[in-house]
Amino acid sequence: MKRILALLAIGTLAPMIQGAIGTFIPLRYCPDLGLLLVVGLGLCWRSAAGGLVLSAMLGLIADLLSGSLFGQHMLLRIFAFGAARACSQKLNLRGLLPRATFVILLTVVTTVATGVLTSFFAAGPGVDGEMLRELVPHALINGAFAPLGVWCVERMSIWLSEVDAGHQLLQLQPRNRLT
Amino acid sequence: MAEFRNRTPMTALVVGLVAFAIVAMVVDRRSAPGGPERELSGWSGAVLDIAAPVQKMISFPFDLTQNAWRHYVSLLDASDNNEGLRARLAVLEEENLQLREALIASGRLERIAEIRADFEVPMLPSELVGVDPSPWFRSVLIDRGREHGVRSGMPVISEHGLVGLVTTTSVRAAKAMLVLDRQSAVDGIIQRSRSRGIVRGRGTSEMDFEFVARGSDVRIGDVVISSGLGGVYPKGIRIAEVVSVSDPGTALMQSAKLVPAVDFGRLEQVFVMLRRGPTMELLYAGEQAGDLGVMASERSEP
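Because the structure is predicted, anything quoted here is derived from the model rather than measured. Along each chain, the written sequence defines residue order, and numbers are assigned to residues from 1. Whichever chain is written first is A, and whichever ligand is written first is 1; the rest continue in order. For this predicted model, a pLDDT threshold of at least 70 governs which residues receive local features, and a threshold of 80 or more governs which side-chain atom pairs are given and counted, while totals over whole chains, interfaces and linings are taken from all residues.

Colleague: Lay out the overall build of chain A with the relevant residues and their values.
Modeller: Runs of E in the DSSP output that reach at least two residues are strands. Runs of H or I that reach at least four are helices, and both are numbered from the N terminus. Counting its regular elements, chain A contains six helices and zero strands. When the helices and strands of chain A are placed in sequence order, the string is α-α-α-α-α-α. Of all 179 residues assigned to chain A, the portion counted as buried reaches 45%. A pair of residues counts as a contact when their C-beta atoms, built from backbone coordinates, are within 7 Å of each other. Taking as baseline every contact in chain A between residues at least 6 positions apart, the subset at least 24 positions apart corresponds to 67%. Any residue with 12 or fewer other C-beta atoms within 10 Å of its own C-beta is exposed, any with 20 or more is buried, and the rest are partly exposed; the C-beta atoms used are placed from the backbone.

Put into structure tokens, the structure is as follows:
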């Protein structure tokens, strides 16, 4: 439970941090922290259902802070989690290069999906040259930060599991002594 | 069979979450802008309320460094600027005096003073605390919300021109869509020639001026202002400047590229106009459905 709450808190902070950084640096040159977190969950999280719900909630929080349609980021985060989960079972995504390549491709797919969804549900112009031009540096930055992002989620997940396990041990030890 | 039984709850969860997301998008689009869900409350409002101080805290050291540097640099040529501004002030004061004299002579000054109250909109200064976390949408988070009188549909401006429109509010924060957003469209006119068109955001630092009638007088350097015809933004707010005009060829319409009057990269403080345009007032009337009768009677009052 603590793991989920901690990751939810980090996932809530991620778009806030990104929004604050965006006032100084164009966002196409910033890594998409929310996406990297969800990819990390897809690759490292044990429970598929738990990771899926967590990813959906992180998407929902991003929707609240973004100008997107409510539910748009949620749908894309569910897709990103599913893609990461499915690809990690079929492909070897352990190295730096495979992870970076996977995140670059995922960024391209989710960006195109963003354009298509916006033009379908709202009055946006869809995917155009401008969007694709901005996509190139953004995808490359995401790819460059992907190994680090996944590693952070992995370490955090292990650390939080150990914290949970440590508390359980502390609770069990006195009982053992009494019996 | 066992495998199917194991997979069923997971499949149901995926289908449920995807269906929820799609329904949320449809509802968000179908409901009138400013329907009750745009006024965030509960946990969703809390996220927006928390975001404003958190983002302010994160950007504080960056702001401090940037401001210190900017002030230092601006000090270097402050003396030259001061001299230039004083000269310009003298010219403008003289011009103002002449215009006043002309108005008094024509007897219109008193009438202008009478109707001025109708055009004066109360402004709420607000600080920009964060931008959209997604690079594909252009919105900003400001540190004023419902408790300060901010409502969805209110225009947001800066000292340089039009910034955007408030789309979502919580108690202490609000989200505003910028005119640069790909979903933004503003009815505008060329200040010099009064040619009309639609200023559409492209999601980048430039905008398009579309649906301008072929043969309209549009030149590079022309200033585009809001026409007030959409009923969303008041008339006469500076929006952008024309940087290029396309050759219409055989088309009936021509278009132009614009650069916004506001430098969105350096935007720090904005003003929320605490009065909605007539279209927005109509659209957002749904959120006060119970008060419709009261509103109608208020509008009919002289």
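Colleague: Hey, could you go over the sheet that holds strand E11 (residues 253–260) of chain B for me, with residue numbers and the actual values?
Modeller: Residue and element names in this part refer to chain B. Strand order in this closed barrel of six strands is E6-E7-E8-E11-E10-E9, and the pairing throughout is antiparallel. For this sheet, the mean inter-axis angle between neighbouring strands, taken without regard to orientation, is 40 degrees. One bridge is not enough; two strands pair if DSSP finds at least two bridges between them. Relative to E11, strand E8 (residues 207–213) runs antiparallel, the two being bridged by five bridges. By the bridge assignment, Phe-209 is partnered in E11 with Ala-256. To obtain an axis, a line is fitted to C-alpha atoms, over the contacting stretch when the element is a helix, and the angle between two such axes runs from 0 to 180 degrees between their N-to-C directions.

Colleague: I'd love a proper account of the packing of helix H3 (residues 48–65) of chain A against helix H4 (residues 72–90) of chain A, names of residues and values included.
Modeller: All names here are of chain A. Running from N to C, H3 and H4 point in directions that differ by 150 degrees, and their axes come no closer than 7 Å. Classified by the angle their axes make, H3 and H4 are roughly antiparallel. Pair H3 / H4 crosses with right-handed handedness. Of the residues in H4, those touching H3 at Ala-48, Gly-51, Leu-52, Ser-55, Ala-56, Leu-58, Gly-59, Leu-60, Ala-62 and Asp-63 are Gln-72, His-73, Met-74, Leu-76, Arg-77, Ile-78, Phe-81 and Arg-85. For the contact of H3 with H4, the class distribution of residues is 10 nonpolar, five polar and three charged. Any angle between 65 and 115 degrees counts as roughly perpendicular, while under 35 counts as roughly parallel, over 145 as roughly antiparallel, and the rest as oblique. Crossing handedness is defined as follows: a turn of the near helix away from the far one that is anticlockwise and smaller than a right angle gives a left-handed crossing, while the clockwise case is right-handed. Each residue receives one of three labels: charged for Asp, Glu, Lys and Arg, nonpolar for Ala, Val, Leu, Ile, Met, Phe, Trp, Tyr, Cys and Pro, and polar for the others, Gly being one of them.

Colleague: Please provide a residue-by-residue account of the nonpolar core, values included.
Modeller: Core analysis: the largest hydrophobic core is formed by 93 residues, its most contacted members being Val-39 of chain A together with Ile-142, Val-163, Ala-176, Val-179, Val-199 and Ile-239 of chain B. It is H3 of chain A that contributes the most residues to this core, nine residues altogether. Beyond its immediate sequence surroundings of up to four residues, Ala-176 of chain B is in contact with Ser-139, Val-140, Ile-142, Val-156, Val-163, Gly-164, Leu-165, Val-166 and Thr-167 of chain B. Counting five residues, the second largest nonpolar core, distinct from the first, contains Met-131, Leu-135 and Ala-139 of chain A together with Trp-136 of chain B. A set of buried Ala, Val, Leu, Ile, Met, Phe, Trp, Tyr and Cys residues, joined through C-beta atoms within 7 Å, is what we mean by a nonpolar core.

Colleague: Can you tell me about the pairing of E11 of chain B, naming the residues and giving the values?
Modeller: Remember that side chains alternate between the two faces of the sheet whenever the strand is regular. Residue and element names in this part refer to chain B. Only one face of E11 is covered, namely the one carrying Gln-254, Ala-256, Leu-258 and Pro-260; the face carrying Met-253, Ser-255, Lys-257 and Val-259 has none of its residues buried. Direction of pairing for strand E10 (residues 238–245) relative to E11: antiparallel, over a ladder of five bridges. For Ser-244, the partnering residue across the bridge sits in E11 and is Lys-257.

Colleague: Which residues make up the interface of chain A and chain B, and what values do they have?
Modeller: Each side of the interface is counted separately: chain A has 43 residues, and chain B has 40 residues. Going through the elements one at a time, helix H1 (2–21), H3, H4, helix H5 (96–121) and helix H6 (129–178) of chain A are the ones with two or more residues in the side of chain A that touches chain B. With eight residues, the top contributor of residues to the side of chain A that touches chain B is H3 of chain A. When grouped by side-chain class, the residues that make up the side of chain A that touches chain B number 24 nonpolar, 16 polar and three charged.

Colleague: Go over the sheet that holds strand E1 (residues 123–131) of chain B with me, naming the residues and quoting the values.
Modeller: Whenever strands of a sheet pair, they do so through backbone hydrogen bonds, lying parallel or antiparallel. Residue and element names in this part refer to chain B. Reading around the barrel, the six strands line up as E1-E2-E5-E4-E3-E12 and close back on themselves, with antiparallel pairing between neighbours. Adjacent strand axes in the sheet meet at a mean angle of 45 degrees when their direction is disregarded. In the sheet, strand E2 (residues 139–142) pairs with strand E5 (residues 174–178) via four bridges, with the strands oriented antiparallel. Considered in E5, the bridge of Leu-141 is made with Lys-175.

Colleague: Which residues make up helix H3 (residues 78–106) of chain B, and what values go with them?
Modeller: End to end, H3 of chain B covers 41 Å across 29 residues, agreeing with the expected 42 Å (1.5 Å per residue, within 8%). With zero of its 29 residues buried, H3 of chain B lies for the most part at the surface. Given a helix with a known number of residues, its expected span is that number minus one, times 1.5 Å.

Colleague: Lay out unusual backbone geometry with the relevant residues and their values.
Modeller: Residues and elements named next belong to chain B. With phi around 65 degrees, Arg-194 is a residue other than glycine that occupies positive phi space. Here Arg-194 is to be found in the loop between strand E6 (185–190) and strand E7 (196–201). Overall, the presence of 11 C-beta atoms within 10 Å leaves Arg-194 in the exposed class. With a phi angle near 55 degrees, Phe-211 is a residue other than glycine that sits in the positive phi range. Here Phe-211 is to be found in strand E8.

Colleague: How would you explain the pairing of E7 of chain B if you had to name every residue and give the values?
Modeller: Residue and element names in this part refer to chain B. Judged from the five bridges that link them, E6 and E7 form a sheet pairing that is antiparallel. Pairing of Ile-189 across the sheet is with Arg-196, part of E7. Where E6 hands over to E7, the hairpin turn is made up of five residues, of which Arg-194 adopts a positive phi near 65 degrees. In terms of strand pairing, E7 meets E8 through four bridges, oriented antiparallel. Bridge pairing in E8 places Arg-200 opposite Asp-208. Where E7 folds back on E8, the antiparallel hairpin that results is connected by five residues, among which Gly-203 adopts a positive phi of roughly 85 degrees.

Colleague: So, the packing of H1 of chain A against H3 of chain A: which residues are in play, and what are the values?
Modeller: All names here are of chain A. One can describe the packing of H1 onto H3 by two numbers: an axis separation of 10 Å at closest approach and a directional angle of 30 degrees. The angle between the axes of H1 and H3 places the two elements in the roughly parallel class. Crossing angle aside, the handedness with which H1 passes H3 is right-handed. Residue-level contacts link Ile-4, Leu-7, Leu-8, Gly-11, Thr-12, Pro-15, Met-16 and Gly-19 of H1 to Gly-50, Leu-54, Met-57, Leu-58, Ile-61, Ala-62 and Leu-65 of H3. Of the residues assigned to the contact of H1 with H3, the class counts are 11 nonpolar, four polar and no charged.

The values reported here are purely geometric and, on their own, carry no functional implication.
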